[in-house]
Amino acid sequence: MIIYSAATAANSSGLVLTYAAGGESFADGAINQQRVSGKVVDEEGNPLQGVTVTVTGETTSVKTDVDGSYSIAAQRGDVLVFSFIGMKQQEIPVEDQGTINVTLEGDAVGIDEVVVIGYGVQKKVSITNAVSSIGSDEISARNSTNVTQALQGKLPGLTVIDRGGAPGGENLTARIRGVTSLNDNNPLILIDGVPGSLSRVNPADIESVSVLKDAASTAIYGSRASAGVILVTTKAPSDGKLAVSYDGYFGLARSNNIPKHMDAVTYMKQQNEAYRNTYGYEFYTDEEIQSWPQNHADDPESYPKPNVWWNTVFETAPQQSHTLTLSGGDREKIMNRISFRYLDEDGILPNYGFKISEMRAKNDIKLSNRLTLGTNINVRLTDRNMPYNEWESYNRMWQNSQWGVPYYSDGSYGLSVDSYSPLINLHEMGTSNTKGTYLVGIFKATYKLLEGLNISGQYSTQFNMEDRKTFNNKYDFTDKLHPERRTFNTINRMNDNRYKSKEDMLDFQLTYNNTFDQHTLSGILGYSEIHFIDNWGQGYRQNFYNNQLQAISQGANDATQSATGGNSEWGLRSYFARVNYDYDSKYLFEANARYDGSSRFADGYRYGFFPSFSMGWRLSSEDFWEPIKPVINEFKLRGSWGEVGSQQVGLYSFMPTYNQMNYVFNETLAPGYRQVNLANQNISWETTAQLNFGVDGYLFNNLLNFSFDYYKKTTRDILLLVPIPSVVGLEPTNQNAGSVENKGVEFLIQAHRTFGDFGVDLGFNVNYNQNKVLDLAGTGPHISAFGNSDYRTITVEGQPINSFYGFTTDGFFKNQADVDNYARWDGSVGPGDIKYVDQNMDGELTPDDFVIFGKEIPDWTFSSNMAVSWKNFRLDLFWQGVSGSEKIMTGAIMEHGIWGGFTHEIYSDYWTPTNMGARYPRPTKYTMKNAQISDFWMVDGNYLRLKNIRLSYDIPQGLTERINVGGVTVYASATNLLTFSELNKYSIDPEMEGRGQESSFPQTSVTTFGININF
């Protein structure tokens, strides 16, 4: 129901005047500019706050206030669009009325939403596949510098692991419905139809992100889609006068986890226990221990604390982002959108930094009623700085860093007892700088052949250039109070790396869409090809005159210099098709097929065929559903099956390749070539088949909507290194042999409700995935280990990929008799040491006693979006977590002072003859007998995290109008603010993986203050 009310009059000159209560307007025959105001209510007459009112083709919009009132500038002939979650969108043409009052009717949330799918779009109600999508508002609300972070927990079926990472080097992993292969598990990412990276798109430019999860939705991408597909659509130009918007924020990042070291007295006593248990003597005298507190108070430089690097090195790091967007035009001629972005992000450790300067320009050109053109150009410049040895810059805070003074009072560096200083690593060791230039151009033409029949062609080209320069300084530092402590590097050296790649892509599509009575038929026929080429070069020199002359030509021109390089090339040629049939919006059918040919495989194995089928039934459109439709307003069943592939194999695995090697000929060293790996001409695709069943519904007069999916997918012909006879004389190459299964469920529920001035939005999604290796073709088990003791995983049939593999334990040895009567292992084992289980009861502890005792891949991932609004305020909370995951403690965090590394205060509760009920084993020195990978060091990896909290306020429209601004929103947000996890007591981030606690840049929490302005 739409109600119009207006008062108009005409004067003798013919000028039309429009009067609106409480407002002002004007018009003339040419411009007809006026102010339109009114009130928006629901079907019961309650005012609706937060309704978005937009002039079609404009980016400027306003929102209704607490009384449902709005006021917006418009011209005669414009169309006002009223949109609100849970209500049917209304479009009202502007004529001479000064007041437009609107009653919005309830609608199923998102039922008419258009979702981006492979090579097209579909209404959500018509989709028969497993597709999740997210809009620009939810992405921008996260204020993330990387889009992958913004997607974490937002979409069912998509698991994002955020391990932190240095600025510009965020360590993020995205997985769609589990780990499908023993090789590449990264989904295909397409940005406006072109392969790319989520880290290379400005979040403010994104209109929507769709995740294609089942084989029916991804089969149209064939050999690149076995791990799923993520489609990113950037914002399009708008129709109408020029609109300008600004999005900017300033943030402060800090480390999420600052571990606490044992206090000095406890640490010295613990170390005395370790030396006494291992060597029979104590390292510190009683007098040293007793006098330390007073000595430290009197002379903290001579008597420092054991480890204060974490409190010294970390700093609060600023970051800022600014995006300016201009959009407008005439849809009958040309429309343009151009955005500019600048990002500057510092690291929480010194000498880390990342900058982005980028521009994206999109144009839609209408040459005639049949022919349209489109261009999309993105230019991105990056500049990343970090210390010369990034890994050592944070690893040395854990290892070899005891009893060091960070800075003496004279500004000189102090060194640890092992002659290390994290500050020297960060400030003096050298630098690494990477400058990147990324350009992409997309050019598209569409021609209307007949009504419903179009032909289009798209050409895209991408250039990626990187210049990386790493310089290792010459330096020499001695601790002023301990001259025996010295760290130095007598030779400065430089690596200069250059990389360049180019990817060209060509697409042609013939599309058809038509409706005959109750029948709707649509389809696509397409052809695509990709050509990729890259090359790289590296130069090395050393012995530079000083640390400031950092040009490769300034190094020594002698036998120490070196240069190398290489290049590669590959191509993909594809034919694809899709057909959709819809009968009376009740019965839905879709079929996809793709025929891919890849240069990565030999003739006879080069082409693969990937089909899929899906069906849907909208039961709620049937007559028999009418009695329950007021309760279950919309209900749809769907099912799908399909196959997709992976072409991610070594480029030249199918052909013999030769490595250069020197040999002696006539007593002279001569260059030669030899084959190293056995070529496999039969190598082909990894293929993933997937079955999916789903249900979608809307309940209680559209108060709730839900989606449920069950899937089972099996990947076969996984590439494995299959052993070959040694008499061949070559190393084995990959063969198609393995098989992995993933099966699980996904559930999403959302609700929206308003109560006068209040609004509530709730959303919850949960995903369950079970991963299992089915077949390794007689190979394996495949064991991956770090060193020989503290971290080991195994991939074996019947178990999840990369399960933990080691000892199980049975507490501690209680006394010497307990030791003497147990299996033999290490002669130094004594009371208080960990008691490993002798699985085969042979009286010895050997690798034969290793078992699988846990896994890191979670069974459950879940997230929740909560939002509460009151008048112009809105509070958003986003929770995210996992369940069914375990973590293994490794490195210094579990060695409890064995090697002189960081010793966490939690290990104060160690075994002694008088504390036999302790949580941790007796301390020892320089032995890993209590630091073997085992279930003792396995920790519950489940967590629940407040990933993001955001408070925003829309400046009242009456205030913004005074400065001719369409709308202003200010906000404050914080990430990773609160975490519930067993790992908290170890000061370890629960999203770390593997040995990440001491080998990864720490996770951060960012507090942000921002503003969005529509001019």
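All of these numbers come straight from a predicted model, not from anything done at the bench.

### As for the UniProt feature "domain: TonB-dependent receptor plug" (unreviewed entry) in the chain
Mapped onto this numbering, the UniProt entry gives "domain: TonB-dependent receptor plug" (unreviewed entry) at residues 124-229. Taken end to end, residues 124-229 is 13% helix and 34% strand, and its first and last C-alpha atoms sit 18 Å apart.

### Some details on the nonpolar core
Core analysis: the largest hydrophobic core is formed by 60 residues, its most contacted members being Leu349, Tyr352, Met397, Met889, Tyr907, Trp937 and Tyr986. At the level of elements, helix 4 (264-279), helix 5 (286-298), helix 6 (309-313), helix 8 (422-427), strand 45 (834-836) and helix 10 (892-895) are the ones that each hand at least two residues to this core. What Tyr352 contacts, discounting residues up to four positions off in sequence, is Ala166, Pro167, Asp346, Gly347, Asn385, Met386, Pro387, Glu390, Ser393, Tyr394, Leu426 and Phe1001. Formed by 20 residues, the second largest nonpolar core is a distinct cluster that contains Leu151, Ala174, Ile176 and Ile189.

### Examining the sheet that holds strand 13 (residues 131-135)
If you walk across this open sheet you meet the five strands as 13-18-19-16-17, and the pairing is mixed. Unpaired on one side and paired on the other, strand 13 and strand 17 (194-195) mark the two borders of the sheet. Pairing of strand 13 with strand 18 (residues 206-212), which is carried by five bridges, proceeds in the antiparallel orientation. Residue pairing in the sheet places Gly135 in a bridge with Ser208 of strand 18.

### Considering the pairing of strand 47 (residues 860-870)
A regular strand places its side chains on the two faces of the sheet in alternate fashion. The pairing of strand 40 (residues 758-775) with strand 47 spans eleven bridges and is antiparallel. Paired with Gly763 across the two strands is Asn865, which belongs to strand 47. Taken together, the eleven bridges between strand 47 and strand 48 (residues 873-883) define a ladder with antiparallel strand orientation. What sits directly across from Asn865, in strand 48, is Phe878. Where strand 47 folds back onto strand 48 in an antiparallel hairpin, the turn is made up of two residues, including Lys871, whose phi is positive at roughly 55°.

### Things to note about the side chain of Thr779
By the element assignment, Thr779 lies in the loop between strand 40 and strand 41 (782-786). Within the structure, Thr779 has its side chain in polar contact with the backbone oxygen of Leu776 (distance 2.6 Å). Within the structure, the side chain of Thr779 is placed 3.0 Å from the side chain of His782, a separation counted as a polar contact.

### Quick word on the packing of helix 4 against helix 5
Between helix 4 and helix 5, whose axes approach to 9 Å, the crossing angle comes to 165°. With respect to their mutual orientation, helix 4 and helix 5 come out roughly antiparallel. As for how helix 4 packs across helix 5, the hand of that crossing is right-handed. Counted together, Ala264, Val265, Met268, Lys269 and Asn272 of helix 4 and Glu288, Ile289, Trp292 and Pro293 of helix 5 form the full contact between these two elements. Class assignment for the residues of the contact of helix 4 with helix 5 results in six nonpolar, one polar and two charged.

### A look at a nonpolar patch on the surface
Together, Phe516, Leu521, Val579, Tyr581, Phe589, Phe613, Met615, Trp641, Leu691, Phe693, Phe708 and Tyr710 give the surface a local cluster of nonpolar side chains, amounting to about 1100 Å² of exposed area. For the nonpolar patch, the elements supplying multiple residues, two or more each, are strand 31 (562-583), strand 33 (607-618), strand 37 (686-699) and strand 38 (704-721). Topologically, Trp641 is positioned in strand 34 (residues 632-646). Taking relative accessible area as the criterion, Trp641 reaches 34% and is therefore assigned partly exposed.

Quick notes on the rules
Residues numbered from 1 in each chain as written. Predicted model: local features only at pLDDT ≥ 70, side-chain atom pairs only at ≥ 80, totals over all residues. Heavy atoms only, no water. UniProt positions renumbered as here; feature names shortened; annotations may be inferred. Helix = DSSP H or I, 4+ residues; strand = E, 2+ residues; numbered from the N terminus. Core = buried A, V, L, I, M, F, W, Y, C linked by side-chain atoms within 4.5 Å. Buried < 20%, exposed > 50% of the residue type's maximum accessible area, 1.4 Å probe, protein only. Contact = heavy atoms within 4.5 Å. Pairing = 2+ DSSP bridges. Polar contact = N/O pair within 3.5 Å; in protein donor to acceptor, adjacent residues only side chain to side chain. Axes fitted to C-alpha atoms, helices over the stretch in contact; angles between N-to-C directions. Parallel < 35°, antiparallel > 145°, perpendicular 65-115°, else oblique. Left-handed = near helix turned anticlockwise from the far one by under 90°. Nonpolar A, V, L, I, M, F, W, Y, C, P; charged D, E, K, R; others polar. Patch = residues over 30% accessible without salt bridge, like charges linked within 9 Å, V, L, I, M, F, W, Y side chains within 5 Å. Areas by Shrake-Rupley, 256 points an atom, 1.4 Å probe, with all protein chains shown as cover. Salt bridge = Lys/Arg side-chain N within 4 Å of Asp/Glu carboxyl O.

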